[in-house]
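Summary of the model geometry
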Amino acid sequence: MIYLDNSATTKPDESVVRSYTKVATDFFANPSSIHIAGGEVEKLVSESRKQIASLLGIHEKEVFFTSGGTESNNMAIQGIAYAHQKRGNHIITSAIEHPSVLGTCQQLEREGFQVTYLPVNETGKISIDDLKNAMREETILVTLMHVNNEIGSIQPIEQVADVLKEWPAAHFHVDHVQGFGKVSLPYSHEGIDLMTISGHKIHGLKGTGLLLKRRGVTVKPLFYGGGQQDTLRPGTENPAGAVSLAKAMRLALEQQRNYPSVGSLNRTLRDRLKEIPNIQINSPDDAIANILNFSVLKFKPEVLIHALGEEGIMVSTKSACSSKQNEPSHVLLACGFDTNDTAAAIRVSMHMNQSKEDIDTFLTVLYEKIKNIEELMG
Amino acid sequence: MKRVYLDYAATTPLHPEVKQEMMEALEGTYGNPSSIHSFGRESRKLLDEARSEAARSIGADFSSIIFTSGATEANNLAIFGVARAHAHKGKHIITTQIEHHAVLHPMEELEKEGFEVTFLPVDESGVVSVEAVEEALRPDTIFVSIMRVNNETGMQQPIEAIGERLKEHQAIFHTDAVQAYGLEKLDVTALNVDLLSVSSHKIYGPKGIGFLYRNDDIHLAQQIFGGEQERKWRSGTENMLGIVGFKKAIELLEKEREDRMTHYQRLSEKFIAGLNELSIDYHMNGKKEEHMPNILNISFPGVEVEMFLTNLDLEGIAVSSGSACTAGSIDPSHVLKAMYGEKNDRIYNSIRFSFGIETSEEEIQFCVERISKILNRLLPNHTRG
């Protein structure tokens, strides 16, 4: 079995799972309880928070545990919009964001907010000039993904943060879900106010995630209830989830040293795919190394995905969060690909320890399957 | 030191079989259920099975279960979801003064947004009356939210009768069943509710997972936007490990519910008998009828609760003065205030003992003896004359 769908989700690391089960079993008390058992668990949660803060070089009070990337993105975007709507109602994002960002922005539009969707060029990147031109006095939020989940294009986050330093009323939220553990960001950059990280994309567990929020930045919470997490994110904490996430993040940053070898796998993929007729590479040359998006022209991607699946190879069409829809990818459309190509896209996404053999097998099987199907279709 | 945990209403440990199930499922749950390849399909199957189990446990349809990150989120989704989707029919909401903060605080937020919320009082036993709900109902009432069993006192609320009364009214009816679910067999049709919240970590399942039951006819305003998960009622990649553990916890609960109730009944009788035997001066908060036996909320006249809790803690006994979610502070309980008023001593001298499936009679005996010992130290003349 060769799993090449790591941008959809990853296999939890064994040591992460061990941390989770140990805490869930041995430290089960409610961290908000004032008795000794509760205090011990509370200490584990706050230790996890400190570890994460120190990994990123930020303050522990800037770390908020959530149920995952979608909640973090919603908390950041809704949170800024509703807390700052008296100062302005303009939000800037891009056309290629994840559905959890686009869906939230579209909802805010229905409620009267104005949203600018920055275009991207054929390499899937926004332009800093477009951003500067879109900025207004009423702009309260800019929300951009660091790495695109379908094609792997990398946005110039640091440059955007530099621009936004000059706009104190505009908050900057970065969806770092696909970038963390592959390409680092300047986490303590004063132009970045909020950042989303997800556990299950970095060999952590589903249902774990973070919102990093700079101190002094006000957001309106999504939920109300107990006093947990400064009342910004109430609900009994998931201490086992928190400990496992801190561990997954530490391991992901260690694994980042393998990024160059994933880069060479990416080059192998590109070189060999180019030799197959009718294949078009959709990921830009400077995309993140672990994601490669390509189209096999005239082929329905589902057919190929099932054919590969029969041989135990897992790849995907686009984002799992929108893979049920038979519509062309909004990301590829935004990059200017025509619909025939976009409908046929396949995404290969690797983890940081992917082997050369996996990639070789994938390429061999893909080649055979394309040939077989072509023969069948005459 | 011997340690006795009597705070099961705050949270419960993972059942060993739940842990086992989660460990075994790890390989199977690692696909993303939204992925179309076989890994995704395996996760999807587990997700569907869990949804069926959850639905079956409350006599509901498969499509009526929305998995959430826990009961706080489920309550918030119910409250904001109804208020924002039905505001055009009216802006009046009814709840009670004894709800969990995950209901009270969203209600206060709605008040800021222009909704009018009636917080119904309760009687001295901690129960809201059907008549009080009837009197508070107005043509513009759109929502009623009343918990099934109170988390501090264990007192059961007359949800069936209130639901019956609301059948002829436009108001949508929600019950926070977090404490009740682990004790009594609930059926959404018998309860006459449209929405019902449940948490996994109160029934020996993992933390970070819960569900909201939603009657298929009820429209909610979506609160978390994104992918198409949970039929768009709650976006975000599903917490598969949590869901698999939750499912097992539900299965065990269904199998053992009656035995558990008998066990709690025996423990609470033993506890009360122990207090009587040692001539400890106490008052039960609540009343015997409509009371769930896993929770005993007891007032010890003359003690100062913070000092008492610390002493119990040092003796190895973990209990609480109220809900854990008041996080660290020992503010007087809003539930006891609603029952006895602001000035009654009971709001300053009451402790909640809550029992679980692992609690033994020996632990109860140990606890009662330590209570007596501590009271003798703190209040040398405390015993009943």
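Note that the coordinates shown come from a computational prediction; the quantities given were computed from them, not determined experimentally. Sequence order as written defines the numbering, with residues in each chain counted from 1. To read the labels, note that chains go from A and ligands from 1, taken in the order they are written. Restriction of local features to residues with pLDDT of at least 70 applies here, the model being predicted, together with a cutoff of 80 or more for giving and counting side-chain atom pairs; totals for whole chains, interfaces and linings are based on all residues. Water and hydrogen atoms play no part in the side-chain values, which are based on all heavy atoms of the structure.

Our next topic: a negative patch on the surface. Only residues whose relative accessible area exceeds 30% and that take part in no salt bridge are eligible for patches, with like-charged residues grouped when within 9 Å of each other and nonpolar side chains (Val, Leu, Ile, Met, Phe, Trp, Tyr) grouped when within 5 Å. Accessibility throughout is a Shrake-Rupley quantity obtained with a 1.4 Å probe, and a residue counts as covered only by protein chains that appear here. The working definition used for a salt bridge is a side-chain nitrogen of Lys or Arg within 4 Å of a carboxyl oxygen of Asp or Glu. Note that His is not counted, nor are the chain ends; the positive residues are Lys and Arg, and the negative ones are Asp and Glu. All charge positions are set by atom: Lys at NZ, Arg at CZ, Asp at CG, Glu at CD. Together, Glu158, Asp162, Glu166 and Glu190 of chain A give the surface a local cluster of negative charge. Think of it this way: any DSSP run of H or I at least four residues long counts as a helix, any run of E at least two long counts as a strand, and we number them from the N terminus. Summarising the element assignment, Asp162 of chain A is placed in helix 6 (residues 157–165).

Pairs of packed helices are described in terms of their axes, by the angle between the two and the distance that separates them. Residue and element names in this part refer to chain A. Viewed as axis vectors pointing N to C, helix 2 (residues 36–56) and helix 7 (residues 239–255) meet at an angle of 25°, and their least axial separation amounts to 9 Å. When the axes of helix 2 and helix 7 are compared, the pair comes out roughly parallel. Between helix 2 and helix 7 lies a crossing whose hand is left-handed. Contacts between helix 2 and helix 7 involve Val41, Leu44, Val45, Ser48, Gln51, Ile52, Leu55 and Leu56 from the former and Pro239, Ala242, Val243, Ala246, Met249, Arg250 and Leu253 from the latter. Among the residues forming the contact of helix 2 with helix 7, the class breakdown is 12 nonpolar, 2 polar and 1 charged. For every element, the axis is a line fit to its C-alpha atoms; helices are fit only across the contacting stretch, and the angle between N-to-C directions ranges from 0 to 180 degrees. Under this scheme an angle from 65 to 115 degrees is roughly perpendicular, one under 35 degrees roughly parallel, and one over 145 degrees roughly antiparallel; angles in between are oblique. Take the far helix as your reference; a near helix turned counterclockwise from it by less than a right angle gives a left-handed crossing, and one turned clockwise gives a right-handed crossing. In this description, contact between two residues means that some pair of their heavy atoms is separated by no more than 4.5 Å. Each residue is assigned to one class: nonpolar for Ala, Val, Leu, Ile, Met, Phe, Trp, Tyr, Cys and Pro, charged for Asp, Glu, Lys and Arg, and polar for all the others, Gly among them.

Okay, the sheet that holds strand 8 (residues 209–213) of chain A next. All names here are of chain A. Pairing in this open sheet of 7 strands is mixed, and the strands run 2-8-7-6-5-3-4 from one edge to the other. Edge positions in the sheet fall to strand 2 (63–66) and strand 4 (114–118), since each has one partner strand and no second. Geometrically, the sheet is characterised by an average inter-axis angle of 20° between neighbouring strands, direction not taken into account. By the bridge criterion, 5 bridges tie strand 7 (residues 194–198) to strand 8 in an arrangement that is antiparallel. When the sheet's bridge partners are listed, Thr196 is paired in strand 8 with Leu211. Whether two strands pair depends on DSSP finding at least two bridges between them.

Bringing the pattern of salt bridges into the picture now. According to the stated counting rule, one finds 45 salt bridges over all chains in the structure shown. Note that Arg347 of chain A is salt-bridged to Asp5 of chain A, the shortest N-O span being 3.2 Å. In this pair, Arg347 of chain A is assigned in strand 12 (residues 345–349) and Asp5 of chain A in the loop between strand 1 (2–3) and helix 1 (14–26), connecting sequence segments 342 residues apart. Residue Asp5 of chain A is classed as buried on the basis of its relative accessible area, which comes to 0%. Salt bridges sharing common partners tie together Lys220 of chain A together with Arg84, Glu109, Lys112 and Glu113 of chain B. With a 1.4 Å probe rolled over the protein chains alone, any residue whose accessible area is under 20% of its type maximum counts as buried; one over 50% counts as exposed, and the rest are partly exposed.

What follows deals with unusual backbone geometry. A positive phi angle is found at Asp230 of chain A, which is not glycine, with a value near 55°. Of note, Asp230 of chain A is situated in the loop between strand 8 and helix 7. Of note, Glu230 of chain B is a non-glycine position whose phi angle comes to about 50°, a positive value. Mapped onto the elements, Glu230 of chain B comes out in the loop between strand 8 (210–214) and helix 8 (240–277).

Our focus in this paragraph is the domain arrangement of chain B. Residue and element names in this part refer to chain B. Here the limits of each domain have been adopted from an automatic or database domain assignment. Here chain B is partitioned into domain 1 (4–12 + 257–378) and domain 2 (16–251). Here the C-alpha centroids of domain 1 and domain 2 sit 27 Å apart. Each partner contributes to the interface: domain 1 provides 33 residues, whereas domain 2 provides 32 residues. When two components associate, each loses some accessible surface as probed by a 1.4 Å sphere; the sum of these losses over both components is called the buried area. Summed over both sides, the interface of domain 1 with domain 2 buries roughly 2,900 Å², with 53% coming from carbon and sulfur. Broken down residue by residue, the surface that domain 1 buries against domain 2 is led by Thr12, Arg257 and Met292, which jointly contribute 23%. Along the contact surface separating domain 1 from domain 2 lie 0 salt bridges. Polar contact is defined as a pair of N or O atoms within 3.5 Å, subject to the rule that within protein one atom must be able to donate a hydrogen and the other to accept it, and that residues adjacent in sequence are counted only when both atoms are side-chain atoms. Viewed at the interface, domain 2 and domain 1 are joined by 17 residue pairs in polar contact (both at pLDDT 80 or more). Put simply, the parts of the chain that give the side of domain 1 that touches domain 2 at least two residues each are helix 8, strand 10 (295–299) and helix 10 (334–340). Residues that form the side of domain 1 that touches domain 2 fall into these classes: 14 nonpolar, 13 polar and 6 charged.

Moving on to the domain arrangement of chain A. Residue and element names in this part refer to chain A. With domains assigned, chain A is organised as domain 1 (2–9 + 257–377) and domain 2 (14–255). Of note, the centres of domain 1 and domain 2, computed from C-alpha atoms alone, are 28 Å apart. Between domain 1 and domain 2 lies a buried interface of about 2,500 Å² when both sides are counted; carbon and sulfur atoms form 53% of it. Scanning the region where domain 1 abuts domain 2 turns up 1 salt bridge.

Attention now goes to helix 2 (residues 38–57) of chain B. Take the number of residues in a helix, subtract one, and multiply by 1.5 Å to get its expected span. Taking 1.5 Å of rise per residue, the 20 residues of helix 2 of chain B would be expected to cover 28 Å, and the 29 Å separating its terminal C-alpha atoms lies within 8% of that figure. Taken as a whole, helix 2 of chain B has its buried residues at Phe39, Gly40, Ser43, Leu47, Ala50, Arg51, Glu53, Ala54, Ala55 and Ser57 of chain B. Lining the buried residues of helix 2 of chain B we find strand 1 and strand 11 (313–314) of chain A together with strand 2 (65–68), strand 8 and helix 8 of chain B. Directly beyond the C-terminal end of helix 2 of chain B, a positive phi value near 65° is found at Gly59 of chain B.

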